[in-house]
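Architecture at a glance
Okay, here's what each chain looks like letter by letter:
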Amino acid sequence: DDEPQIRLSTIRSISKLIDHAEFRKPIAAILPAIVIRLKDGDQAVRSTAIGVIFKAFNHVGLRKPIEAAIPFLLARLEDSKDEAFLAELCKSTTTFILQHLMELNYGDWNIRSAAVAKIAALSLVAELGNGDWKARSTTVTRIAKLTDHAKLLEPISAAISSLVEQFADKDEETRSATVKGIAMLAAQAKLRESIAATIPIFARHLSSENQNVRWSTIMIISKLTDHIEIRKQLSVAIPSIIMRLEDSKLQVRLATVGLIDKLVEHAEIRNSLATAIPSLIKLLEDKNFDVRLAAVGVFGKVETLRKPTAAAIPAIIKRLEDRNHNVRSTTVWVVCKFADHEELRNPVAAAIPLLIDHIGIIDPDVRMGGVWAIGKLTDYVELHEAITASLPSLRRLMAHTDPDISSAAAGVLDDFSKRSAGEMKS
């Protein structure tokens, strides 16, 4: 009909009839005519035709007649002049593609896969700018799920920078979905190079005024460090990461210490973390014991960075007097690890008087930790002179009622005696 309103009303009527199974068979013959209406001069007619096509796709018996619509939709995506049509197309195809991607096995999939992939990726990226936070959050998750389909990886790769920008989203659920989504994308090796290229965007988000954005960014970087392709590009973000060790917000400081703890396990990035040590030393005095505990734990791994670590040993030794039991116990372990390195043993000697004090503490776990540490340090001749002061306390423990403590003390004394005798002979 020449009247757009008549065409529009007719298409709307067909849309309603599709809901009834008895009308679907005759409607199949009408669908090719509706596909033609995608070229209609009236925007309302075009948009309504799109809706009918996507609705028809829910029914297996109606799919064959609308195959011709897919290449046409792809062509319209290239038509930047029709912005209203493109907006409606993007909104509609988001649901269409995601609901039926697994079912697109009719006809020649290989011929149309590129078209389907491009429609899916472009429509989803457009949804990231949606004013509705629920739509943005859902879109992030949907993009990630598309990675199950190998043919979609290339167009998704082009969407990654837009996705990473969602870390700065004002909505918490969208940021959370983005963390999970990027992690899912990183599971695909073909996408990691594209993700690595967005590291400067991550670094920028680390300076956000929103503490939740900073925290979300630290969390996703932590997940991405599992992949060497991304770690190799992470050096540009290290200064921004280290700055967050002194963040005003507890959750950000704690998350950043956790990230540093993870990064030092990788040789290709470890040396760039030496500049984090001054900030880590400050965290040893943090008001929160979880932060102090995490910071001490990191030093147990970065002891391989000998020169900068040596400067931290006095501050670490102070944690042997921490009011938190877990911090004290972890510090005992870290101090003993330092002693494995010859150049760190002299500063470690300053810890021995405090370890001797641990032997006299009533708490059996603390006492046993002190005995174990003294025993461990007897392996090193340079520390024997300082250890000698612990012998009276160890002898008293041999009479302790707890057999584990008395046995441990006896073992340390025996080992020390044998090692001392060996020194005298030499």
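Residues numbered from 1 in each chain as written. Predicted model: local features only at pLDDT ≥ 70, side-chain atom pairs only at ≥ 80, totals over all residues. Heavy atoms only, no water.

What follows deals with the overall build of the protein. Counting its regular elements, the protein contains 27 helices and zero strands. With 426 residues in all, the protein has 50% of them scored as buried. Long-range pairs, those at least 24 residues apart, make up 68% of the contacts in the protein with a sequence separation of at least 6. For the protein, the exposed area adds up to about 20200 Å²; of that, 54% sits on carbon and sulfur atoms. (Helix = DSSP H or I, 4+ residues; strand = E, 2+ residues; numbered from the N terminus. Buried < 20%, exposed > 50% of the residue type's maximum accessible area, 1.4 Å probe, protein only. Contact = heavy atoms within 4.5 Å. Areas by Shrake-Rupley, 256 points an atom, 1.4 Å probe, with all protein chains shown as cover.)

With that out of the way, let us pick up the pattern of salt bridges. Overall, the coordinates contain 18 salt bridges when judged by the stated rule. Across the pair Arg 244 and Asp 247 runs a salt bridge, and its minimum N-O distance is 2.6 Å. As far as the burial class goes, Arg 244 and Asp 247 line up, both buried. Bridged by salt links that share partners, the residues Glu 285, Arg 292, Arg 319 and Asp 322 form one connected network. (Salt bridge = Lys/Arg side-chain N within 4 Å of Asp/Glu carboxyl O.)

Residues Val 291, Arg 292, Ala 295, Val 296, Gly 297, Val 298 and Phe 299 constitute the buried set of helix H18 (residues 289-299). At its buried positions, H18 is contacted by helix H15 (250-263), helix H17 (277-283), helix H20 (313-318) and helix H21 (325-338). Between a side-chain oxygen at the N-terminus of H18 and the backbone nitrogen of Asp 290 the separation is 2.9 Å; the capping residue is Asn 288. (Polar contact = N/O pair within 3.5 Å; in protein donor to acceptor, adjacent residues only side chain to side chain.)

So, about the environment of Asp 404. Summarising the element assignment, Asp 404 is placed in helix H27 (residues 403-425). When the C-alpha positions of Asp 404 and Pro 364 are compared, they lie 9.7 Å apart, and in sequence the two are 40 residues distant.

With that out of the way, let us pick up helix H9 (residues 172-186). In this model H9 runs 21 Å from its N-terminal to its C-terminal C-alpha over 15 residues, within 8% of the 21 Å that 1.5 Å per residue would give. Every buried residue belonging to H9 is among Thr 174, Arg 175, Ala 177, Thr 178, Val 179, Gly 181, Ile 182, Leu 185 and Ala 186, and all of these are buried. (Expected span 1.5 Å × (residues − 1).)

Turning next to the nonpolar core. The biggest cluster of nonpolar side chains holds 88 residues, and the ones touching the most others in it are Ile 182, Phe 299, Ile 374, Leu 377 and Leu 394. Once you skip the residues sitting within four places of it in the chain, Leu 377 turns out to touch Cys 336, Ala 339, Val 348, Ile 352, Leu 355, Leu 383 and Ile 387. The next biggest cluster of nonpolar side chains, apart from the first, holds 21 residues, and it includes Ile 27, Leu 31, Val 35 and Ile 50. (Core = buried A, V, L, I, M, F, W, Y, C linked by side-chain atoms within 4.5 Å.)

So, about the packing of H9 against helix H12 (residues 211-224). Here H9 crosses H12 at 15 degrees, and the two axes come no closer than 10 Å. Classified by the interaxial angle, the pair formed by H9 and H12 is roughly parallel. As H9 packs across H12, the resulting crossing turns out to be right-handed. Contact with H9, carried on its side by Arg 175, Val 179, Ile 182, Ala 183 and Ala 186, involves Asn 212, Val 213, Ser 216, Ile 220, Lys 223 and Leu 224 of H12 and no other residues of that element. (Axes fitted to C-alpha atoms, helices over the stretch in contact; angles between N-to-C directions. Parallel < 35°, antiparallel > 145°, perpendicular 65-115°, else oblique. Left-handed = near helix turned anticlockwise from the far one by under 90°.)

Counting all residues, the mean pLDDT for the protein is 80, and 79% of those residues have values of 70 or more. Long-range and interchain partners of residues 97-112, a stretch whose pLDDT sits below 50, account for 31 contacts in this model, where long-range means more than four residues apart. (pLDDT = per-residue confidence, 0-100.)

Here Ile 241 lies in helix H14 (residues 238-243). Put simply, Ile 241 and Ala 203 are 38 residues apart on the chain and 7.6 Å apart in space, counted from C-alpha to C-alpha.

Its place among the elements puts Ser 406 in helix H27. Beyond its immediate sequence surroundings of up to four residues, Ser 406 is in contact with Leu 397, Met 398 and His 400.

For any two helices packed against each other, one specifies the crossing angle of their axes together with the interaxial distance. The contact between H9 and helix H10 (residues 189-196) brings their axes to 7 Å, and the two run at 125 degrees. The angle between H9 and H10 places the two elements in the oblique class. Every residue of H10 that contacts H9 at Ile 182, Leu 185 and Ala 186 is listed here: Leu 191, Arg 192 and Ile 195. Along the lines of polarity and charge, the residues of the contact of H9 with H10 split into five nonpolar, no polar and one charged. (Nonpolar A, V, L, I, M, F, W, Y, C, P; charged D, E, K, R; others polar.)

With respect to the helices and strands, Thr 178 occurs in helix H9. Overall, Thr 178 belongs to the buried group, its relative accessible area being 0%. What Thr 178 contacts, discounting residues up to four positions off in sequence, is Val 140, Leu 163, Gln 166 and Phe 167.

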